[in-house]
Amino acid sequence: MSDQHFGQLKDIVKMYLPDDVSVDAIEVDSNFVKELNINSANLVDIVLDVEDAFGIRLENEDMDKMQTVQDALNIIAQKLQVKK
């Protein structure tokens with residue numbers, strides 16, 4: 001895993017955190033919905049921001065697999081690998 005990717009992802013995710021969740025709560029194994037309290041509408045926004053930030057395209061099945069920060073990082077890495 002790239003720390004740079006985690007940093008970029010964390011910067012995106014923190015914009016959508018509810019007030020009762022600290023940025024420090026964003027860990028690699030954090031679950032977007034259960035632990036970070038991100039609702040499905042915001043999850044879609046996160047996906048769109050991730051696509052822009054990393055220059056990749058995420059499909060619906062990718063979104064379904066994206067339960068945790070680590071899932072997102074894996075998908076980003078996979079998409080960037082394919083892009084090369």
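What you see is a predicted model; the values in this text were computed from it and never measured.

A. Structural detail: the nonpolar core. Membership of the largest hydrophobic core comes to 25 residues, with the highest contact counts inside it found for Val-13, Phe-32, Leu-36 and Val-50. The set of elements that each furnish at least two residues to this core consists of helix H1 (3-14), helix H2 (40-54) and helix H4 (69-83). Counting residues per element, this core draws most heavily on H4, at six residues. When near neighbours in sequence (up to four residues on either side) are disregarded, Leu-36 contacts Val-13, Leu-17, Pro-18, Val-21, Ala-25, Ile-26, Ser-30, Asn-31 and Val-69.

B. View of the packing of H1 against H4. It is the contact of H1 with H4, at a shortest axis distance of 10 Å, that shows an interaxial angle of 120 degrees. Between H1 and H4, the angle is such that the two are oblique. Of the two possible hands of crossing, H1 and H4 adopt the one that is right-handed. Facing His-5, Phe-6 and Leu-9 of H1, the residues of H4 in contact are Val-69, Ala-72, Leu-73, Ile-76 and Leu-80.

C. Spatial organisation of the pattern of salt bridges. Using the criterion set out here, one finds three salt bridges in the structure. Measuring nitrogen to oxygen at the nearest pair gives 2.9 Å for the salt bridge that ties Arg-57 to Glu-51. Arg-57 gets classed as exposed once you look at its relative accessible area, which sits at 53%. For Glu-51, a relative accessible area of 11% translates into the label buried. A salt bridge links Asp-62 to Lys-79; its shortest N-O distance comes to 2.9 Å.

D. H1, seen in detail. The end-to-end C-alpha separation of H1 is 16 Å, in line with the 16 Å expected for 12 residues at 1.5 Å each. Along H1, the positions that sit buried rather than exposed are His-5, Phe-6, Leu-9, Ile-12 and Val-13. When H1 is viewed along its axis, its buried side chains cluster within an angular range of 125 degrees and face the same direction. Looking at H1, the residues exposed on the side facing more than 90 degrees away from the buried face are Asp-3 and Gln-4.

Cut-offs and rules
Residues numbered from 1 in each chain as written. Predicted model: local features only at pLDDT ≥ 70, side-chain atom pairs only at ≥ 80, totals over all residues. Heavy atoms only, no water. Core = buried A, V, L, I, M, F, W, Y, C linked by side-chain atoms within 4.5 Å. Buried < 20%, exposed > 50% of the residue type's maximum accessible area, 1.4 Å probe, protein only. Helix = DSSP H or I, 4+ residues; strand = E, 2+ residues; numbered from the N terminus. Contact = heavy atoms within 4.5 Å. Axes fitted to C-alpha atoms, helices over the stretch in contact; angles between N-to-C directions. Parallel < 35°, antiparallel > 145°, perpendicular 65-115°, else oblique. Left-handed = near helix turned anticlockwise from the far one by under 90°. Salt bridge = Lys/Arg side-chain N within 4 Å of Asp/Glu carboxyl O. Expected span 1.5 Å × (residues − 1). Arc of directions from axis to C-beta.

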